[in-house]
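# Results of the structural survey
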Amino acid sequence: MIRFEKVSKWYGSYRALTHVDAQVETGQMVVLCGPSGSGKTTLIRTVNRLEPIEQGRITVNGEDVNSPGSSINRLRSNIGFVFQQFNLFPHMTVLQNIIFGPMKIRGMAQKLAIEKAEGLLDRVGLLAKAEVFPEQLSGGQAQRVAIARALAMDPPVLLFDEPTSALDPEMVGEVLSVMKGLTREGMTMMCVTHEMGFAREVADQVWFMDKGQILERAAPSDFFSRPIHLRAQRFLTDLAH
């Protein structure tokens with residue numbers, strides 16, 4: 001579903017990504033972990049061109065995302081992105097936030113968009129909040145709305161950039177629960193997270209990054225019990241302490 005081929009990204013003399021080669025299979029949940037500044041967020045932001053690349057090639061479902069002829073709006077409408085800070089429209093109700101994309105981008109009729117949105121809100125346990133504004137939501141609720149909004153576009157791929165890092169600890173579980181449900185349904189996902197318990201439980205693969213490179217790719221059972229790369233070993237030891 002997603003393929004990175006010799007992908008490099010830099011800011012002046014700083015190399016954010018260096019010759020990244022990797023792929024995410026359809027229906028796979030890949031968790032990216034590593035120290036701060038390792039390139040995790042930059043990598044997932046290249047998938048929908050939130051970050052342009054200097055070298056290499058990225059394809060999603062066979063389409064080159066950096067092709068000069070590709071429509072960036074069409075590309076992003078097919079790649080759901082859930083941000084660290086929710087990014088809900090503050091002047092719109094929860095329901096309006098969710099129906100905006102399907103109606104504006106997909107041309108969906110309002111009645112159908114509302115029915116779809118209500119189904120998604122029910123799915124994330126927030127149907128009762130349909131008519132409230134984002135400022136009236138807790139952090140966990142806002143992030144679940146953000147996930148529902150991304151799902152409203154029926155994307156084949158969902159990207160998560162540290163979806164729980166801005167939440168109080170007691171709210172983390174409710175967001176991770178929704179993501180676990182998506183994993184069971186076979187959604188293709190990439191997730192940058194520091195929630196190693198979540199990664200151990202739901203990831204199909206863990207990618208460990210440092211200094212703009214993927215140093216290790218492994219199943220969670222292997223990565224957490226017997227990491228191969230010395231930098232990954234040190235990272236897990238530091239987490240344990």
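Each remark here, short or long, concerns the structure printed above.
A brief report on the enclosed structure follows.

Our focus in this paragraph is the overall build of the chain. For the chain, the helix and strand inventory stands at 9 helices and 10 strands. When its C-alpha atoms are laid out on the principal axes, the chain stretches across 55 × 45 × 30 Å. A total accessible area of about 11,200 Å² is found for the chain, and carbon and sulfur atoms account for 49% of it. Taking the 26 positively charged and 26 negatively charged side chains of the chain as two groups, their mean positions are separated by 5 Å.

Okay, helix α4 (residues 110–123) next. For α4, which comprises 14 residues, the first-to-last C-alpha distance of 20 Å matches the rise-based estimate of 20 Å (1.5 Å per residue) to within 8%. Those residues of α4 that sit buried are A113, A117, L120 and L121. An end-on view of α4 places all buried positions within 100° of arc, on one side of the element. Exposed positions of α4 whose direction lies more than 90 degrees from the buried face are K111 and D122.

Looking now at unusual backbone geometry. Here K6, not a glycine, exhibits a phi torsion of approximately 50°, which is positive. The topology assignment puts K6 in strand β1 (residues 2–11). With a phi close to 45°, E162 is a non-glycine residue in the positive phi region. Relative to the assigned elements, E162 resides in the loop between β7 (157–161) and α6 (169–184).

Next up on the list: the packing of aromatic side chains. All chains considered together, the criterion is met by 6 aromatic pairs. Ring centres 4.5 Å apart and planes at 35° place the aromatic pair F81 and F83 in the tilted group. Given the relative accessible area of 10%, F81 is considered buried. For F83, a relative accessible area of 23% gives the class partly exposed. Here the aromatic rings of F208 and F235 are separated by 5.2 Å at their centres, their planes lie at 55°, and the arrangement is tilted. One end of the pair, F208, is in strand β9 (residues 205–210); the other, F235, is in helix α9 (residues 230–240), with 27 residues separating them in the sequence.

Cut-offs and rules
- Residues numbered from 1 in each chain as written.
- Predicted model: local features only at pLDDT ≥ 70, side-chain atom pairs only at ≥ 80, totals over all residues.
- Heavy atoms only, no water.
- Helix = DSSP H or I, 4+ residues; strand = E, 2+ residues; numbered from the N terminus.
- Areas by Shrake-Rupley, 256 points an atom, 1.4 Å probe, with all protein chains shown as cover.
- Lys, Arg positive; Asp, Glu negative; His and termini not counted.
- Charge placed at Lys NZ, Arg CZ, Asp CG, Glu CD.
- Expected span 1.5 Å × (residues − 1).
- Buried < 20%, exposed > 50% of the residue type's maximum accessible area, 1.4 Å probe, protein only.
- Arc of directions from axis to C-beta.
- Phe/Tyr/Trp six-rings, centres within 6.5 Å; stacked < 30°, edge-to-face > 60°.

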